[in-house]
Number of protein chains: 2
Amino acid sequence: MPHSVLVANRWRLANSSGYFRAENPATKEPLDEYPVSTWDDCDEALSAAVEAFEELRKLPAAKLAEFLEAYAGRIEARKDEIVKLASQETALPVTPRLAGNELPRTTDQLRQAAAAAREGAWAAPTIDAKNNIRSMYGPIGPVIVFGPNNFPLAFNSASGGDFAAAIAAGNPVIAKANSSHPGTTRLLAEEAHAAAQATGMPAGSVQLIYRTSHEDGERLVSDPRVGATGYTGSRAAGLKLKAAADKAGKPIYLELSSVNPVVVLPGALSERMDDIVGQFVASSLLGTGQFCTNPGLLILLAGEPTESFLAKVVEKFKAAPVGTLLSAGVAKSLQQGVGMLIRAGAHTLVAAKGSGGQGYCQPNTLLRASGQQFLEAPDALQTEAFGNAALAVVAEDLEEGCQVVEHLEGNLTGCIYSHTGGGDDAAYDRLAFRLRPKVGRLLNDKMPTGVAVSPAMNHGGPYPATGHPGFTAVGIPAALRRFAVLQCYDGVRPHRLPAALRDR
Amino acid sequence: MPHSVLVANRWRLANSSGYFRAENPATKEPLDEYPVSTWDDCDEALSAAVEAFEELRKLPAAKLAEFLEAYAGRIEARKDEIVKLASQETALPVTPRLAGNELPRTTDQLRQAAAAAREGAWAAPTIDAKNNIRSMYGPIGPVIVFGPNNFPLAFNSASGGDFAAAIAAGNPVIAKANSSHPGTTRLLAEEAHAAAQATGMPAGSVQLIYRTSHEDGERLVSDPRVGATGYTGSRAAGLKLKAAADKAGKPIYLELSSVNPVVVLPGALSERMDDIVGQFVASSLLGTGQFCTNPGLLILLAGEPTESFLAKVVEKFKAAPVGTLLSAGVAKSLQQGVGMLIRAGAHTLVAAKGSGGQGYCQPNTLLRASGQQFLEAPDALQTEAFGNAALAVVAEDLEEGCQVVEHLEGNLTGCIYSHTGGGDDAAYDRLAFRLRPKVGRLLNDKMPTGVAVSPAMNHGGPYPATGHPGFTAVGIPAALRRFAVLQCYDGVRPHRLPAALRDR
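Only a predicted model underlies this, so the values are computations on that prediction, with no experimental measurement involved. (Residues numbered from 1 in each chain as written. Chains lettered and ligands numbered in written order. Predicted model: local features only at pLDDT ≥ 70, side-chain atom pairs only at ≥ 80, totals over all residues.)

Scanning chain A from N- to C-terminus turns up 14 helices and 19 strands. Relative to the globule expectation of 23 Å for 504 residues, the C-alpha radius of gyration of chain A, 23 Å, shows essentially globular dimensions. By the burial criterion, 61% of the 504 residues in chain A qualify as buried. The contacts in chain A between residues at least 6 apart in sequence include a share of 75% that link residues at least 24 apart. (Helix = DSSP H or I, 4+ residues; strand = E, 2+ residues; numbered from the N terminus. Rg over C-alpha atoms; globule rule 2.2 N^0.38 Å. Buried ≥ 20, exposed ≤ 12 C-beta atoms within 10 Å, placed from the backbone. Contact = placed C-beta atoms within 7 Å.)

What follows is the structure, encoded as C-alpha cells:
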C-alpha cells in the first residue's frame, strides 16, 4: 500500500499515474512505495493553497511564528524516528551528521524564521508621512518547494530553508518531496500538518506530494494560482522549470550547480601546506562531496609547492574511506561528470577505492588539467561532478590563473587561500577582483562547505549557480524576500493600513 | 547627415543598417535622421561597457554622485534647448509639462540617486562580526536601458529613473533611445557624456545607440557581457526581450502595460460626485492619456449615481480639448485597442473630437461594458488602449464587482473611492482585499497618475504589469536594487573588505 499525499488538509491516497520505491543507497534494498501524482492532485493542492492564502492574509504574523515554533518542537520530539529514516533513505550517518548537525540546523532555521515573522523588519516597512505614501513587502502567494537530495532535513521541501522562509513571509507551501527521501519528507509533513492544526493555521497551509511527471512539474510552477517557486537541485531539471515559470511571469528561485573554485596561492602553501591539505580533503569528501558548496575546482599556480600539495591530497584521498552516495542516480551522474572532465582533457591523479564504499559509491577522485587546457575548454572543464571528486587546474603563472578565473561561470562560492603575512597580497588583489563578480560568497582561508545561517550569509550567486543574483536561499531574514511582493499604500486611510505602516 | 552614436567614449557615425527619421507628431513634419545600428555597434558598446565596469568597481561611490550631480546641473543649463526639442518630438507642451514638471523631476531623480550612492544605505551592508560574515549589494554590471515613448526626460534611457538607478548602483549604462524622441535623447547623452568627462568617470560609462533590429535587441539583453536590462514600453516588445534575457539567465526589469483599475463606490458618488468626475477626467486625459498609470478601467456599481457619474464624464470628455498623441504608432495602437474593446462587447459612450487634435490624435473616448460582459471576456476587456480612452465596467452589484476585481491581471495601481464617513467601508473591505494582490500600489480617493519620487513609492506590480513583483522602477533607494547583486564576504581579511563592511 503506497503512502498518502497531504492535499487540502487531509492525508489521502493520491490520484496516481504510478508508484516509485525509496531505496536504501547503502544496501540497495527497496524501502516504502510512494505515488506519482497526476495533475488532479496538483490542481486540488493549488486550489486549496489559494484558499489557505486568503486566510493567511488575514492572520497576524505572530500566528505564523507560533506554527513554526510548534513545528520545530514536534520535529525534536520525533527526532529519533526522523533521523533513522533519513539515514536509511540517504546513507547519511545518524551521528554526527543528521542528529547532531542537520536536525538542529533545521529546527534553528524554523525558529529564526518564526522570530523574523514576529519581528517584521524583513518586510522593510517604509513610511513617507508627508506624502502619506507607505510600502512594505507582503506575501507572494502559494509557494511550490522542490527540495534537493543532499539535505533531507535542512533543505527538505517540507521543513527546510525555503519552507521556513515561504511560511514566515505568509505563504502556504506545496512541498514536492525529493524522490530520494520521500519517507523523511512524509514524517516531516506529518509533524508540520499536526503543528498547523494545533496552532490554528488555515487548512491547506502545508501540503505534500511526492512526485509528478516532468510535464506536470512545469505546469505546476507556471500555474496562475502560484505565487513563486523555490527549487534546489540539478541544473537540467531546474532550467526546464525556469523556462516554464519565466514564460508565465512567475518568479522562480533556483539553486543549481556550482563547482565552487578554491584558489590556493604559493605563499599559503609555503606557510601552512598540511593545514590546507587537511581542510581541502575534509571539505571535498564531507558528506561524500554532496554539498552544494563542495569545492570541486582547485586553482593552483605551477611550481614545487603545488606539486607537493597535490601529492599530499592524493595520499589523503587514498587513505580516506569512500562514502556512500545518496542514490543510484547520484552515482551514475558522478561517473558521467568525471567522464566528461576526462574527455575534456583532465587526467586522473587518483581514483581511490579505499575502505568503506557500501552500496552506491564511486572512488575518491582527483583530476588534473593545465590552465591552458582549461582555457581551451572552459565549459566542459566546469562540468559539475557532484560527489567525491574534484578537478585541480594548475595555471602556469598568475596571469594564466587570472584568465582561468575570468572564464568561470557564476558560482555560489569562491575562496582564496593566501599567505597570512601579506606575501600573496598582490596576487590576491588581482584574483579577487576577477573572482568577486563570479561568486555569491567570497571566502578567505577557509573552505566553502560551512553555510552559516547568518543574516549576512549569501547562499546565492550569479547564473547559472542560481536564477537571480540578488537573492539568498540561506540567511534570515533576507531569504524571506524571495517569497514577497512590494506593496505600496498611497493615500490609504489610516485605519485601513497594515499595522506596520500606521503612524507610530 | 544622420546623427552620431556615442560608443566607447566617442561620438561617431554608426555602423548602420539603415536610418529613421524623428517626426513632429503635431505637424507630421519629419525631423532629423538617426541610424539603425548593426550588431557591430552593440558589440563595441558592450565591450566598452565591460571595461568601464572594471574601472567603476574601483571608484568610490562619491564619484558616481559627483557625476550624477554634474549631469543634473548640465541638464538645467541646457534646459531650453532640451525641452524645445522634446516638445517637437513628442507634442508634449513645454509649459507646464516639460519645463515645469518633467525636467525638474528628472534632475531631482538624478540628485536623489546621487545622494543614495553617496550615503550607501541602499546596499544594505550587513555585518555578522561574531562569525566574520558580511554582505552587501554590489553593482551587477553593464545595464541596457530601453526608455519609453511617454516621458522623454524623466524615463529617458539616458537620463531617467533607470539610468539614475543603474549608475548610482555603480554600473555603466548603454542607453537605447526611444525612436519617438531620439534627438532629445541625443542632447541628454551629450550632457551625460560631458559630465562624465568633467568628473573623471571611466570611458564608456554612458553610451547611446538609437535603434537596432529586434533580433539584435534580443541578442543585446542576453549577451554574456550584460549585467541586467531595464525596459519600459509595450508588452509585446517587452515580452520578447524578457524571453531572450530569461533564457540567458540575465535579469530584466520590465514596466509593461497596465489599465490601472479605479473603483468608485456609490457612497463616494453620493458625497462628492463632481469632484470625482473632475479628478477622473483630468487624470484620464492628462498627457493625452499617455501615462503608465493612466486610469483606463473604471469599475462602478449599477444604479442612478453611476449613471449620473458617467453622463457627467461624457460631457466633460466632449468639452475637453483633444490632445496630440506621441506618434503615428501610438495613434494607430490606440485605435486598435479601442477596436478590440468594442469587438469584445464594449460600447461607446463618447468618442469626442472636441477642439485641439493637431497631428496624430484620436477622440476622447469612454466605453462601457457590463460586469457580466467583463466576466465573459476578461482578457479582451483588459486590453490596454494607451491614450485618451477608458472603459467603464458597471457591475450589477458588489458581488459582481468583487468578481471583476478577481479577474484583473497584475497592474501597477488600483484605486478605490469610498464615502469619507465610512458608508462604503464594508464594500471597501471586500474589494480592497481582492484588489491588493493584483496591484503594486493601492490608492484611496485619488487618481493614480501622480507617481511621487518617494522612498515609499512602488512603481511596480505583479506580472504582466512588470516582470517581477518585488521591485520598483520609481523611488530611491529601492530602485537601485534592481541593478545589484548580493555579495557576501566570509572570513575575508579586514583590509580587503569594502569600507562599508569593516568594523566600525
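Right, picking up where we left off after that structure.
Before going further, it helps to spend a moment on the confidence of the model for chain A. Across chain A, the average pLDDT comes to 97, with 100% of residues at or above 70. Model confidence for the complex is summarised by a pTM of 0.98, with the ipTM given as 0.98. (pLDDT = per-residue confidence, 0-100.)

This paragraph deals with the sheet that holds strand S13 (residues 297–301) of chain A. Strand pairs in the sheet, formed through backbone hydrogen bonds, run parallel or antiparallel to each other. Spatially, the 10 strands line up as an open sheet ordered S14(A)-S15(A)-S16(A)-S13(A)-S12(A)-S17(A)-S18(A)-S19(B)-S6(B)-S5(B), and their pairing is mixed. One side of each edge strand has no neighbouring strand; the edge strands of this open sheet are strand S14 (347–352) of chain A together with strand S5 (126–128) of chain B. Pairs of neighbouring strands in the sheet enclose a mean axial angle of 20°, with direction left out of account. Pairing analysis gives 3 bridges linking strand S12 (residues 261–264) of chain A to strand S17 (residues 411–417) of chain A, with the strands arranged parallel. (Pairing = 2+ DSSP bridges. Axes fitted to C-alpha atoms, helices over the stretch in contact; angles between N-to-C directions.)

This brings us to the interface of chain A and chain B. With 50 residues of chain A at the interface, the matching set in chain B holds 50 residues. Elements that contribute at least two residues to the side of chain A that touches chain B include exactly strand S5 (126–128), strand S6 (133–139), strand S18 (439–444) and strand S19 (484–490) of chain A. With 7 residues, the top contributor of residues to the side of chain A that touches chain B is S19(A). Class assignment of the residues belonging to the side of chain A that touches chain B gives a composition of 23 nonpolar, 16 polar and 11 charged. As defined by bridge partners, S19(A) adjoins strand S18 (residues 439–444) of chain B across 3 bridges and the pair is classed as parallel. When the bridges of S18(B) are listed, Cys488(A) appears paired with Arg441(B). (Nonpolar A, V, L, I, M, F, W, Y, C, P; charged D, E, K, R; others polar.)

Moving on, we come to the relation of the copies chain A and chain B. Taken as rigid bodies, chain A and chain B are interconverted by a rotation of 180° and an axial shift of 0.0 Å, the fit giving an RMSD of 0.0 Å. Such a combination of rotation and displacement between the chain copies is what one expects of a two-fold axis. In terms of C-alpha distance to the rotation axis, chain A has Asp246(A) as its closest residue, with the C-alpha 3.4 Å off the axis. A shared interface surface links the copies, since 100% of the contact residues of chain A are contact residues in chain B too. (Least-squares fit on C-alpha atoms with pLDDT ≥ 70 in both.)

A word on the environment of Pro295(B). Residue and element names in this part refer to chain B. Along the polypeptide, Pro-295 turns up in the loop between helix H9 (266–285) and strand S13 (297–301). The class for Pro-295 is buried, based on 24 C-beta atoms found within 10 Å. Between the alpha carbons of Pro-295 and Ala-389 there is a distance of 9.1 Å; along the sequence they are 94 residues apart. Apart from the residues lying within four places of it in its own chain, the contact partners of Pro-295 are Asn-260, Val-262, Phe-280, Ser-283, Ser-284, Ala-390, Met-447 and Pro-448.

So, about the nonpolar core. The tendency in soluble globular proteins is for nonpolar side chains to be buried side by side. Leu68(A), Ala168(A), Leu68(B) and Ala168(B) are the most contacted members of the largest nonpolar core, which has 338 residues in total. Once you skip the residues sitting within four places of it in the chain, Leu68(A) turns out to touch Leu110(A), Arg111(A), Ala113(A), Ala114(A), Ala164(A), Ile167(A) and Ala168(A). (Core = buried A, V, L, I, M, F, W, Y, C linked by C-beta atoms within 7 Å.)

Turning our attention to unusual backbone geometry. For the bond from Thr95(A) to Pro96(A), the omega torsion is 5°, close enough to zero to count as cis. Note that the residue after Tyr463(B), namely Pro464(B), is joined by a cis bond; omega there is 0°. Within the secondary structure, Pro464(B) is located in the loop between S18 and strand S19 (484–490). Residue Ala8(A) is not a glycine yet carries a positive backbone phi of 55°. Counting through the fold element by element, Ala8(A) comes out in the loop between strand S1 (5–7) and strand S2 (10–12). Backbone geometry at Asn132(A) places phi at a positive 50°, although glycine is not the residue there. Following the sequence through the fold, Asn132(A) ends up in the loop between S5 and S6.

Once that is clear, we can look at helix H8 (residues 235–247) of chain A. Its 13 residues give H8(A) an end-to-end C-alpha distance of 18 Å, which sits within 8% of 18 Å, the value for a rise of 1.5 Å per residue. Three or more residues of H8(A) are buried, namely Gly238(A), Leu241(A), Lys242(A), Ala244(A), Ala245(A) and Asp246(A). Contacts from the buried residues of H8(A) go to helix H7 (214–221), strand S10 (228–232) and strand S11 (252–255) of chain A together with helix H8 (235–247) of chain B. (Expected span 1.5 Å × (residues − 1).)

Here the focus is the sheet that holds strand S12 (residues 261–264) of chain B. The strand order across the open sheet built from 10 strands is S5(A)-S6(A)-S19(A)-S18(B)-S17(B)-S12(B)-S13(B)-S16(B)-S15(B)-S14(B), with neighbouring strands paired in mixed fashion. Where the open sheet ends on each side, the last strands, each with one partner, are S5 of chain A together with strand S14 (347–352) of chain B. Adjacent strand axes in the sheet meet at a mean angle of 20° when their direction is disregarded. Both S5(A) and S6(A) contribute to a ladder of 3 bridges, which runs antiparallel. Looking across to S6(A), one finds that Thr126(A) is bridged to Ser135(A). Strands in contact with H9(B) are S12, S13, strand S15 (364–370), strand S16 (389–395) and strand S17 (411–417) of chain B; relative to S12(B), the strand with the most contacts, it is inclined by about 155°.

With that settled, the discussion passes to helix H5 (residues 161–168) of chain B. The α-helix winds at 3.6 residues per turn, so residues separated by three or four positions along the chain end up facing the same way. Residue and element names in this part refer to chain B. Of all 8 residues in H5, 8 are buried, a share of seventy percent or more. Within H5 the residues assigned to the buried category are Gly-161, Asp-162, Phe-163, Ala-164, Ala-165, Ala-166, Ile-167 and Ala-168. Considering only its buried residues, H5 is in contact with helix H2 (61–77), helix H4 (94–119), strand S7 (143–146), strand S8 (173–176) and strand S10 (228–232). Once H5 ends, the next one or two residues include Gly-170, with phi positive near 100°.

Turning next to the domain arrangement of chain A. Residues and elements named next belong to chain A. Considered domain by domain, chain A is made up of domain 1 (5–21 + 30–256 + 466–501) and domain 2 (261–444). Computed over C-alpha atoms, the centres of domain 1 and domain 2 are 33 Å apart. A class-by-class count of the residues in the side of domain 1 that touches domain 2 yields 2 nonpolar, 4 polar and 1 charged. (Domains from an automatic or database assignment.)

Here we come to the packing of H9(B) against helix H10 (residues 304–319) of chain B. All names here are of chain B. Two numbers describe how H9 lies on H10: the axes approach to 10 Å, and their chain directions differ by 15°. Relative to H10, the element H9 is oriented roughly parallel. Helix-helix and strand crossings are classified by hand; for H9 and H10 the assignment is right-handed. Contacts between H9 and H10 involve Pro-266, Leu-269, Ser-270, Met-273, Val-277, Phe-280 and Val-281 from the former and Pro-305, Thr-306, Ser-308, Phe-309, Lys-312, Val-313, Lys-316 and Phe-317 from the latter. (Parallel < 35°, antiparallel > 145°, perpendicular 65-115°, else oblique. Left-handed = near helix turned anticlockwise from the far one by under 90°.)

Moving on, we get to the environment of Ala61(A). All names here are of chain A. Following the sequence through the fold, Ala-61 ends up in helix H2 (residues 61–77). A tally of 20 C-beta atoms within 10 Å means that Ala-61 is categorised as buried. The sequence separation of Ala-61 and Ala-169 amounts to 108 residues, and the corresponding C-alpha distance is 8.4 Å. For Ala-61, the contacting residues outside a window of four places in its chain are Ala-117, Arg-118 and Gly-120.

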